[in-house]
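One letter stands for each residue in the lines below.
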Amino acid sequence: MAQVDQLSACPSCAEPPEQGDLFCGACGSDLRTPAQRAAAYDDRPTAGMNDEPLPRLPDGPAPGAAPDAAARPESRKSGGGGARGGGTARTSRGDAANRDAAAGGVPANGHGTSAPEHAHTSTEADFLLQPAAPTARTSAERSERGDDDGRAHSTEDSATGADASPPMPPPPPPRPASAAPRRSYTPQPSQAVDPRTADPQELRDDTPGRTAEPSGPATAAAAAKPAVPRCVACGTGAIDADGYCEHCGHKQPQPRDHMEHELRYVAAASDRGLRHHRNEDFFAIDAPVMADGTTATIAVVCDGVSSASRSDEASAAAAEAARASMSVSVPRGVHTQQAMHEALLAAGKAVADLATDEDAESQRNAPACTIVSAVTAGGLLTVGWIGDSRAYWVPEDRTSSAARLTEDDSWAAQMVAAGLMNEADAYADPRAHAITGWLGADAYDLEPHTASFKPEQPGVIVVCTDGLWNYAESADEMAAAVPPDARSRPMRCAQHLVGYALDAGGHDNVTVALVPFPAPDERAGSA
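(A) Inspection of helix H14 (residues 490-503) at higher detail. Relative to the 20 Å expected for 14 residues at 1.5 Å per residue, H14 spans 20 Å between its end C-alpha atoms, a close match to the ideal helical length. What H14 keeps buried is the set Pro 490, Met 491, Cys 493, Ala 494, Leu 497, Val 498 and Ala 501. All buried residues of H14 project into a common sector of 165° when viewed along the axis, lining one side. On its buried side, H14 packs onto strand S1 (258-262), strand S2 (267-271), strand S11 (459-464), helix H12 (466-469), helix H13 (475-481) and strand S12 (510-517).

Take a look at the structure:
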């Protein structure tokens, strides 16, 4: 058999091939001659894909076709020159013969020189599909489209006005970017989310870039549930029964860590401080209306004894008992000093009632606290105290002298009263704040201290615990710490004094109440 000549250049890109190349190394075009393609066509399948029968051409040979042209099944191209992208039409041998005859080429009926028995084109598919309705396509469209691998269709395909079989189905469109899976989190009502292992950024309501989830039955049910308190530190974890964050372990602030309250003519504020783990101070204020239509003011401040058990309960019980007693007796016309004495006794009983047999059996100190109170009514100022909590008088005119209205029940005060030490040395001693009087079941002798004053000018009464006066001990120091507008803005003054103590160190709980004197309606009534 004579050797078949090799093409001298690629018909598509004009790149000269190397010896023995069947496909162009630059563009991949088929470099085989018709004889080589015919030889390769002999390697054809005898069964369809998935054991399906191969499709056959319509019955009856085309005019001038070879006798077996209509009976041969469709051919499949060898893998070397197949289209890589799909969508290329199949061409049967009978169709190729018909096209040759139509183009005026070699006769297809065997007279003269016939076409190769297995004509193979570059447009045949790599695999077979079931035939479908033919689709018309112009030669211009075929020329413009070309093969998926960049090669133009063969002259055999371009010579016809329509393909014998439909094109391969187009590949599915790429998934849009908006449909890409995004990271989101939507807990369902049936899911038990453990905040200790959950992603904090998913649980946080203020996560940057968070998008709203679509509404539905699950989200509607979740929205109907009450909001769960979250940690004030990390903003994520839930709070357990002991008051700690289940995610970061931060101890949550308690309601008593910072308290503020303001009535018409009296205000108070309390803070845990910077060193203690809880606030053992408490206050109670009231402004009852007198029989003559004027307003009385009542302020009670208590400091729990840190060495006693449940001292926070003791301070709360004492403050409420004293306030309740004076809120009844003062409007009824009882003298304010007598009303104060009865209130302090009522506070002592309330604290003593907190003691239990368990305290004695466990050798714990019974609940205990100190108390100081101030009441103004009818132009009279009355103070009462047990322990080392204090009351100060600060005049509105700062050119006048301020005064301390109480004397401490403490070791330092006893040393000074006995003349054994001066005040500066006594309060510098480590034993200075050891109290000698308190409220509680183990108190030696409950001796309430009361005193009444009739100031000659307007001012304010500062009622406070040692958490404040430790940083402004003398009357002049306290007057310097009180803002000038304290009488007209008692709440702002109380907040300022609490901040003053915290800025100075905040070593103890800080509680202060401000009582303006006289009350505005009292001055108007007497004028």
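Structure's up, so let's keep going.
(B) Here's a closer look at the pairing of S2. Burial of S2 is extensive: five of the five residues sit out of reach of the surface. As paired elements, S1 and S2 share five bridges and run antiparallel to each other. Opposite Glu 262, over in S2, you have Ala 267 as the bridge partner. From the end of S1 to the start of S2, which pair antiparallel, there are four residues. The pairing of S2 with S12 spans five bridges and is classified as antiparallel.

(C) Inspection of the packing of aromatic side chains at higher detail. Tallying each qualifying case throughout the model produces three aromatic pairs. Centroid distance Tyr 427 to Trp 469: 6.3 Å. Interplanar angle 90°. Geometry classified as edge-to-face. With a gap of 42 residues between them, Tyr 427 in helix H11 (residues 423-428) and Trp 469 in helix H12 connect regions that are remote in the sequence. The class for Trp 469 is buried, based on a relative accessible area of 1%. Sitting above the plane of the Trp 469 ring, Arg 390 keeps its charged end 3.4 Å from the centroid.

(D) Geometry of the sheet that holds S12. The strand order across the open sheet built from six strands is S1-S2-S12-S11-S7-S8, with neighbouring strands paired in antiparallel fashion. Both outer strands of the open sheet, S1 and strand S8 (403-404), are each paired with one neighbouring strand and no more. Those strands touched by H14 are S1, S2, S11 and S12, and its axis lies near 150° from that of S12.

(E) How the structure looks around the packing of helix H7 (residues 311-329) against helix H8 (residues 336-352). Direction vectors running N to C along H7 and H8 enclose 145°, while the axes themselves pass 8 Å from each other. Seen from above, H7 lies across H8 with right-handed handedness. Across from Ala 314, Ala 317, Ala 318, Ala 321, Ala 322, Ser 325, Met 326 and Ser 329 in H7, the residues of H8 making contact are Ala 339, Met 340, Glu 342, Ala 343, Ala 346, Ala 347, Ala 350 and Val 351. Residues that form the contact of H7 with H8 fall into these classes: 13 nonpolar, two polar and one charged.

(F) Representation of the pattern of salt bridges in the model. Using the criterion set out here, one finds 13 salt bridges in the structure. The shortest N-O distance in the salt bridge between Glu 407 and Arg 404 comes to 3.2 Å. A cluster of three or more residues bridged by salt bridges with shared partners is formed by Arg 278, Glu 280 and Asp 312.

(G) Up close: the side chain of Thr 465. Mapped onto the fold, Thr 465 is located in the loop between S11 and H12. Setting aside residues up to four positions removed in sequence, Thr 465 forms contacts with Asp 281, Val 301, Cys 302, Asp 303, Ser 389, Asn 509, Val 510 and Thr 511.

(H) Layout of the state of the cysteines. Within the structure shown, the criterion is met by zero disulfides. Summary of cysteine pairing: Cys 248 is not part of a disulfide, and the nearest cysteine sulfur, belonging to Cys 245, is at 3.6 Å.

(I) How the structure looks around the pairing of S12. Extensive coverage of S12 is indicated by the burial of eight of its eight residues. Residues Val 510, Val 512, Leu 514 and Pro 516 of S12 are buried on one face, and the alternating residues Thr 511, Ala 513, Val 515 and Phe 517, pointing to the opposite face, are buried as well. Sheet topology places S11 next to S12; six bridges connect them, and they run antiparallel. Following the sheet pairing, Ile 461 is matched in S12 by Val 515.

(J) How the structure looks around H8. For H8, built from 17 residues, the straight-helix expectation of 24 Å at 1.5 Å per residue is met to within 8% by its first-to-last C-alpha distance of 24 Å. At its buried positions, H8 is contacted by H7, strand S5 (368-377), strand S6 (380-386), strand S9 (439-440) and strand S10 (449-453).

The rules behind these values
Residues numbered from 1 in each chain as written. Predicted model: local features only at pLDDT ≥ 70, side-chain atom pairs only at ≥ 80, totals over all residues. Heavy atoms only, no water. Helix = DSSP H or I, 4+ residues; strand = E, 2+ residues; numbered from the N terminus. Expected span 1.5 Å × (residues − 1). Buried < 20%, exposed > 50% of the residue type's maximum accessible area, 1.4 Å probe, protein only. Arc of directions from axis to C-beta. Contact = heavy atoms within 4.5 Å. Pairing = 2+ DSSP bridges. Phe/Tyr/Trp six-rings, centres within 6.5 Å; stacked < 30°, edge-to-face > 60°. Lys NZ or Arg CZ within 6 Å of the ring centre and 35° of its normal. Axes fitted to C-alpha atoms, helices over the stretch in contact; angles between N-to-C directions. Left-handed = near helix turned anticlockwise from the far one by under 90°. Nonpolar A, V, L, I, M, F, W, Y, C, P; charged D, E, K, R; others polar. Salt bridge = Lys/Arg side-chain N within 4 Å of Asp/Glu carboxyl O. Disulfide = S-S within 2.5 Å.

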